[in-house]
Each structure stands twice: as C-alpha cells, then as structure tokens.
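Summary of the model geometry
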Amino acid sequence: MRLIISSIFALAFFQVPELTRGEDFGYDGVIGPQHWGERYRECTGKHQSPININVLRVKQVTLPEIVFIGFDDSIDGVHVTNNGHTVLIEVENEPHPRVRGGPLDGDYVFSQMHFHWGDNDTFGSEDKINHRSFPMELHMVFYKEEYRSTSEAVKHPDGLTVLAFFYELDRHEHPAYDDITLALSNVTEPYTSVIMSHPFSFLNILPYDLRRYFTYRGSLTTPPCSEVVIWLDFEQPVRLAHDQIEAFRELKSAHGKITHNFRPIQPIGDRVVFYNIDSNYFSYNEIDDPEEQTTTSRPYRRRKGHNSGHSNQWSLLCCLSALLAIICCL
Ligand SMILES: [Zn+2]
C-alpha cells in the first residue's frame, strides 16, 4: 500500500510541472498571443518582435563582416527536444559555436535553436518581408558572452542576438535536414528529447549567402517577450521539400498537434531596420565563377528594384552612349 501511495505521489510530482509548462502560453484562445500581455507585461512593449520589414523603408548599410566561429564543426551530443511549443536543438559540449561582428559589440555564444511554422506552406514565419510570409523560420539564439548565461543576458538590452533564417519550398529534399527529420519523429510527444544520431554542423543547414541580412532591435517572440534581442534576418531562404516542413507539424503539445507556433507581427514604432550589403557584393557577383554555375545554392542576384550598384552601371552606360553620340555628330 505504501508503495502504491508513493508511486502516485511520484507520478503527480513529475506530471504537474509538465502541465504548468503546457498551460503557460499558447497560440490560440485564452492563452494565445492577444492575452500574453495580461500575464507578461513586456509583451505589450513598444519594441516587440516579430515585425514586417518594408524593404522600401530600410536603411542600407555596410557593417563589419560577421564572423561565424565553430559553424562548420561536426558537433556530437546535440539534443533535440519537444518542449510543448516548438522543437529545440541544444549543444551539450563546450565550446559552443559563437558569432561576432556585424552589428554586434562583442562575442555572442550559442544557447539554442528552434523553429516556428504554420498550418500549411503559405505562412508560418514570424518576421515578414514586404508582408510576405514564409512557411517556416529558424531562430538561432546566442547570449552575449560577458553576461555568461542566457538567464543573465535577458536582463540586458543587448543580451541576446537571434540569427533568423526563412524557409521556402523546393521540389527536392535538403539532405542536411534528414537527421533533424529523423529526430522529430522520435520527439512527437511533448517534453521528450533525443540525441541526434550523427554529428551536426550548423553551416550545413544554413543558406549559402550569409552577407545580406536585415537587422533591428526587438524582443523575444514568446513570453516574457523581453526587449533584449538584436535580430539578424538573413535574406536568402533555406529551401526544403514540403514533407520536410510537414514533419514539424507532427509534433504535439499537451493539447494535440502543434499546427502553428508563430506570433503575429507587432508595430515597428520608431525603430529603423538596417539592411546590410557587403561593399564587395556587386563586384563579387560579376566574377565569372565556374563553380557558381554548377551549384544550386549560389547567392541569388537581385534582378530589379533597390539596387544602387546596377543603377550606377546604367547611368555610366547612358553617359557613354551620349558621349559616343556627340563624338559621332562632330
Ligand atoms: Zn523563436
């Protein structure tokens, strides 16, 4: 009898925290984003994320190069966890990958990465570009090294940086995502975790072009919505097959399948979004690189629109034509 009673207590002890975690916040109804502010005051702040990025209103800049450290390492002991809201990827062993440069002052150390998605392939990203939604978005979260931990970093306005990557559909599967898809199938139940079957490399799951990105000051997109994040939204999406995105929608929370987990866009207010373009970008892209012709993941070229480099070339061409016409007349 004593054994039965202690077993019931043990069960209750382990289940209560799980339920609490599951009820904390959600994406629908009384625990949905419209109600987060009632419990977490910062969610009603003026510098919240996500936002819509209007490309016509960004301020074009050339920031120092971002340095990605440990991104091409093969990392063992990578944990994949269903936390009831999303899937988290965490690294067990030190040293963790890190970033510096760009808009960042100092080194930022990897904390965790996770994903946001929608009910179908037409929406699901958190930030939007010109009101365009993407089916999924990856957030790689880093804390500022001088604050020593994520929990301390969230107390400081420059405490975190999140590298955000959008996804778009491709007819072909992205082979680097096979291990993630496999891990997902083993953590469909909430609060379950597995270790990835093969070594994991950050660089393999990212797009090719890491030099063009938008950056702005914002917040965590989940409660407590702390306004402590330097956002870097990379412009080139990662291309995944439909089935690879669908695998995320199989994950369950305490209330059933996590069909969507993105927060709606928030007012941009007085904030400026900066758009980083490498100063060498245009000359780099003019180089005839035979390797570039054979790869499918080359940096994509902007064909029209806000491209001052190309409009300069047009002006030069016009001037030359005019000069030629004058010479001919003479
Ligand atoms: Zn996120």
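Up top is the structure.
Before going into details, it helps to say that this report is about the structure given with it. (Residues numbered from 1 in each chain as written. Predicted model: local features only at pLDDT ≥ 70, side-chain atom pairs only at ≥ 80, totals over all residues. Heavy atoms only, no water.)

1. Points about the coordination of the zinc ion
- Protein ligation of the zinc ion involves His114 (NE2), His116 (NE2) and His139 (ND1), the donor distances falling in the range 2.0 to 2.1 Å.
- Written as a sequence motif, the donor residues of the zinc ion are H-x1-H-x22-H. On the criterion of sequence distance, the pair formed by His114 in strand β7 (residues 108-117) and His139 in strand β9 (residues 136-144) is long-range, its members being 25 residues apart. A single burial state applies to His114 and to His139, both of which are buried. (Donors = N, O, S within 2.8 Å, 3.2 Å for Na, K, Ca; no water. Helix = DSSP H or I, 4+ residues; strand = E, 2+ residues; numbered from the N terminus. Buried < 20%, exposed > 50% of the residue type's maximum accessible area, 1.4 Å probe, protein only.)

2. Comments concerning the packing of aromatic side chains
- Evaluated as defined, the whole model comprises 20 aromatic pairs.
- Between Phe115 and Phe248, the aromatic rings sit 4.7 Å apart at their centres with planes inclined by 50 degrees, giving tilted as the arrangement. One end of the pair, Phe115, is in strand β7; the other, Phe248, is in the loop between α5 (242-246) and β14 (252-253), with 133 residues separating them in the sequence. Both residues of the pair, Phe115 and Phe248, count as buried.
- Aromatic pair Tyr216 and Trp231: ring centres 6.4 Å apart, planes at 10 degrees, arrangement stacked. Of the two residues, Tyr216 sits in strand β12 (residues 213-218) while Trp231 sits in strand β13 (residues 229-241), which places them 15 residues apart along the sequence.
- Under the relative-accessibility criterion, Trp231 is labelled buried at 2%.
- Through successive ring pairs, a cluster of aromatic residues spans Phe68, Phe71, Phe110, Phe142, Phe165, Phe200, Phe202, Tyr213 and Phe234. (Phe/Tyr/Trp six-rings, centres within 6.5 Å; stacked < 30°, edge-to-face > 60°.)

3. Focus: the environment of Val187
- The residue Val187 is located in the loop between α4 (178-185) and β11 (192-195) in this model.
- Once the C-alpha coordinates of Val187 and Lys252 are considered, the two residues, 65 residues apart in sequence, prove to be 8.6 Å apart.
- Beyond its immediate stretch of four places on either side in the chain, Val187 contacts Val80, Asn82, Thr192, Ser193, Val194 and Leu251. (Contact = heavy atoms within 4.5 Å.)

4. Quick notes on unusual backbone geometry
- Residues Glu94 and Pro95 are joined by a peptide bond in cis, for which omega reads -5 degrees.
- Mapped onto the elements of the fold, Pro95 is located in the loop between β5 (87-91) and β6 (98-100).
- Residue Pro223 is joined to Pro224 through a cis peptide bond whose omega torsion reads 15 degrees.
- Mapped onto the fold, Pro224 is located in the loop between β12 and β13.
- One non-glycine residue, Tyr191, adopts positive backbone phi at about 65 degrees.

5. Some thoughts on the environment of Gly26
- Note on placement: Gly26 falls in the loop between α1 (2-24) and α2 (36-39).
- In the structure, Gly26 is positioned 234 residues away from His260 in sequence and 9.8 Å away in space, judged by C-alpha atoms.
- Setting aside anything within four residues of it in sequence, one finds Gly26 in contact with Ile31, Gly32, Pro33 and Trp36.

6. Quick look at the nonpolar core
- Within the largest apolar cluster, 44 residues are counted, with the highest numbers of intra-cluster contacts made by Phe115, Met140 and Ile180.
- Elements supplying a minimum of two residues to this core: β4 (78-82), β5, β7, β9, β10 (160-170), α4 and β13.
- Those residues within four positions of Met140 in sequence are excluded, and the remaining contacts are Phe71, Gln112, Met113, Thr161, Val162, Leu163, Phe165, Phe202, Ile205 and Leu206.
- If you look at the next biggest cluster of nonpolar residues, it comprises 24 residues, including Val109, Tyr147, Leu160 and Phe214. (Core = buried A, V, L, I, M, F, W, Y, C linked by side-chain atoms within 4.5 Å.)

7. Points about the pattern of salt bridges
- Going through the model one piece at a time under the given rule, you end up with 15 salt bridges.
- With a shortest N-O distance of 3.0 Å, Lys252 and Glu189 are connected by a salt bridge. Taken as a pair, Lys252 in strand β14 and Glu189 in the loop between α4 and β11 lie far apart in primary sequence, 63 residues in all.
- With relative accessibility at 39%, the residue Glu189 sits in the partly exposed group.
- Connected through shared salt-bridge partners, Arg98, Arg100, Asp107 and Glu145 make up one network. (Salt bridge = Lys/Arg side-chain N within 4 Å of Asp/Glu carboxyl O.)

8. Things to note about the state of the cysteines
- Following the criterion strictly, the structure yields one disulfide and no others.
- Put simply, Cys43 and Cys225 are joined by a disulfide, and their sulfur atoms are 2.1 Å apart. Where Cys43 bonds to Cys225 through sulfur, the torsion about that S-S bond is close to 80 degrees, and the disulfide is right-handed. Pair noted here: Cys43 is in the loop between α2 and β1 (52-53) and Cys225 is in the loop between β12 and β13, with a separation of 182 residues, a long-range link. In this structure, Cys43 and Cys225 share a single accessibility class: buried. (Disulfide = S-S within 2.5 Å.)

By themselves, these are just geometric observations and shouldn't be taken as functional.
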